[in-house]
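Coordinates in review
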Amino acid sequence: MEGISAVFFLCLSGRTWNAASRAWRLSFTWLPRLLLLGLLIWGVLKSVAIVVFFLVPGVFSSLQYFFLPVVGLLAVFMILRLVIRPLRMKTPGAWRTTSLVLPALFVLGFLTWGGGVSAIDTAWLSTSTSVSVPAGQTATRMYCNSRVNGSPLAMDISEPSVQAPRPAPMVFYIHGGETLVGSRLLRDGTSDGMYFDQLRADLLNRGFIVGSIDYSLVPVANAGEQVREAKCAVRFLRAHASDLGLDPRRIGVYGPSQGGYISAMLGTVGPEMGLDAGQYLNQSSSVQAVVDMWGPADLSDFSGSPWWVSLLKGNGTKAQFLASSPVSHVAHGDPPFLIMHGADDWFIAPHHSQDLAKRLRAAGVSVTLVMIQHDGHGLDMPSAGQVGQPSPSALIQMIADFFSRTLSA
């Protein structure tokens, strides 16, 4: 909208400023056209990026932040050559050079990009790769295959030092992203990612095995399928407990936003819901500790959120949304919960965590609810001019202490 407005006012200025010099009149003639052309190119490239992102999860960032911007610049240059004769005369080999440069840049983008599935991060795709991970190291393993399209699902596993007692407790991170985006990478360039990376280091120092998982995203999969895949991750860990040196009786999960929702579902939903499907069905998908950070707990009630947030849950009846909500499955015997939520959360209203905590207490489940004052949707998302309390560092400490307490030997 800003770009279109700029085109409009440039055109308006060109038509009304009659006293302008010839240079200005030429500028007002060509600038709107070039700007409009740039907007069209940007829109096409963005659409291509979104399509590729949905069809081939894991390559979106490489295209969006490296390859497509270069394509856009080259497209603008080539169009300028068509309308500016001196430029065309000075660059006679532009088309041939572009045809050689673009494929090279495309390959270079995958080789140098550090996120998701890249050309240098595919060892985990092989089923022959050993599941075990050396002490003190981090490796990526395939935990299951997506039931939607059969693609492999990745889990990063970090082992504590060789001095840590074995078998060790394990916790794994489930990322957020409104069901649409996100990955298992903790260091994602955000301040929250920095704190989650600190949490991993703290847990490793305490003798925990720490993991983080990818899961299929909308529109390839719905929220129910995301829960199924997370359950498959738990079963994978139990099936390979001896290989990983983990205690199958001490597994915890934690996650923000959509990851908080999935974590809460793992803590409340048993096999009767039919969400255990796929591989390792001879293993249990139960978890022994849950940290739910500002996740939606009642998919039938998004009051207090922007109107469009409810669209993310997909289509269905109120009864179906309730059946897919953690609040509907709370029962005595559920694992301990630590629930955190920003008191000023504009995206997922605080009543979600408050209602879930209330139902857990009523069922006799151990639960701690932490309302983060002056904080929005995130660990480090304070309201304007405010400081979140407790601080992000204090919240990370609470999570580490919670897992140490609930998953101790």
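What counts, and where the lines are drawn
Residues numbered from 1 in each chain as written. Predicted model: local features only at pLDDT ≥ 70, side-chain atom pairs only at ≥ 80, totals over all residues. Heavy atoms only, no water. Helix = DSSP H or I, 4+ residues; strand = E, 2+ residues; numbered from the N terminus. Buried < 20%, exposed > 50% of the residue type's maximum accessible area, 1.4 Å probe, protein only. Polar contact = N/O pair within 3.5 Å; in protein donor to acceptor, adjacent residues only side chain to side chain. Contact = heavy atoms within 4.5 Å. Salt bridge = Lys/Arg side-chain N within 4 Å of Asp/Glu carboxyl O. Phe/Tyr/Trp six-rings, centres within 6.5 Å; stacked < 30°, edge-to-face > 60°. Axes fitted to C-alpha atoms, helices over the stretch in contact; angles between N-to-C directions. Left-handed = near helix turned anticlockwise from the far one by under 90°. Nonpolar A, V, L, I, M, F, W, Y, C, P; charged D, E, K, R; others polar. pLDDT = per-residue confidence, 0-100. Disulfide = S-S within 2.5 Å. Pairing = 2+ DSSP bridges. Patch = residues over 30% accessible without salt bridge, like charges linked within 9 Å, V, L, I, M, F, W, Y side chains within 5 Å. Areas by Shrake-Rupley, 256 points an atom, 1.4 Å probe, with all protein chains shown as cover.

1. Thoughts on the side chain of T268
Relative to the assigned elements, T268 resides in helix α9 (residues 258–268). Residue class for T268 comes out buried when judged on its relative accessible area of 6%. A polar contact of 2.9 Å, which involves the side chain of T268, links it to the backbone oxygen of A264. Here T268 is in contact with P326, H329, V330, D334 and F337, once residues within four sequence places are set aside.

2. Brief notes about the pattern of salt bridges
For the coordinates displayed, the defined rule picks out 13 salt bridges. A salt bridge links R235 to D276; the shortest N-O distance between them is 2.8 Å. One end of the pair, R235, is in helix α7 (residues 223–239); the other, D276, is in the loop between α9 and β6 (289–293), and 41 residues separate them in sequence. Classification of R235 as buried rests on a relative accessible area of 0%. Overlapping salt bridges, with partners in common, bring together R147, E225 and R228 in one network.

3. Notes on the packing of aromatic side chains
According to the stated counting rule, one finds six aromatic pairs in the structure shown. For the pair W346 and F347, a centre-to-centre distance of 5.2 Å together with 65° between the ring planes defines the contact as edge-to-face. For F347, a relative accessible area of 5% translates into the label buried. By way of ring pairs, the aromatic residues Y173, F196, Y254, F402 and F403 are connected into one cluster.

4. Focus: the packing of helix α6 (residues 191–205) against helix α12 (residues 392–406)
Packing of α6 against α12 brings their axes to within 10 Å, and their N-to-C directions diverge by 35°. Judged by the twist between their axes, the crossing of α6 over α12 is right-handed. Contact with α6, carried on its side by Y195, L199, D202 and L203, involves P392, S393, I396, Q397, I399, A400 and F403 of α12 and no other residues of that element. The residue inventory of the contact of α6 with α12, partitioned by class, reads eight nonpolar, two polar and one charged.

5. Describing the confidence of the model for the protein chain
For the protein chain, per-residue confidence averages 84 on the pLDDT scale, and residues scoring 70 or more make up 83% of the total. In the model, residues 53–60 has pLDDT below 50 throughout and makes 18 contacts with residues more than four positions away in sequence or in other chains.

6. A look at the state of the cysteines
Scanning all chains against the criterion turns up one disulfide. In this model C144 forms its disulfide with C232; the gap between the sulfur atoms is 1.9 Å. In this structure, the disulfide formed by C144 and C232 twists by about -85° around the S-S bond and is classed as left-handed. On the criterion of sequence distance, the pair formed by C144 in strand β1 (residues 138–145) and C232 in helix α7 is long-range, its members being 88 residues apart. On the basis of relative accessibility, which here comes to 1%, the residue C144 falls in the buried class.

7. Overview of the sheet that holds strand β5 (residues 246–256)
Read across the sheet, eight strands follow the order β1-β2-β4-β3-β5-β6-β7-β8 without closing on themselves; strand pairing throughout is mixed. This sheet does not close on itself; its edge strands, each paired only once, are β1 and β8 (367–372). Neighbour to neighbour, the strand axes of the sheet diverge by 20° on average, direction disregarded. By the bridge criterion, five bridges tie strand β3 (residues 168–174) to strand β4 (residues 209–213) in an arrangement that is parallel. Its bridge partner lying in β4, I174 is registered against I213.

8. Observations concerning a nonpolar patch on the surface
A surface patch of nonpolar side chains, amounting to about 440 Å² of accessible area, comprises W30, L34, L82, V83 and I84. When residues of the nonpolar patch are traced back to their parent elements, those giving at least two are α2 (22–55) and α3 (60–83). On the secondary structure map, L34 appears in helix α2.

9. Observations regarding unusual backbone geometry
Look at the link from R166 to P167: it is a cis peptide, with omega at -5°. Secondary-structure assignment places P167 in the loop between β2 (152–158) and β3. At the junction of Q389 and P390, the peptide bond is cis and its omega measures out at 0° in the coordinates. Inspection of the secondary structure puts P390 in the loop between β8 and α12. Residue W294 is not a glycine yet carries a positive backbone phi of 45°. Mapped onto the elements, W294 comes out in the loop between β6 and α10 (318–323). Taking relative accessible area as the criterion, W294 reaches 1% and is therefore assigned buried. Backbone geometry places H374, a non-glycine residue, at a positive phi of 65°. Topologically, H374 is positioned in the loop between β8 and α12. Relative accessible area serves as the criterion here: at 34%, H374 is assigned to the partly exposed category.

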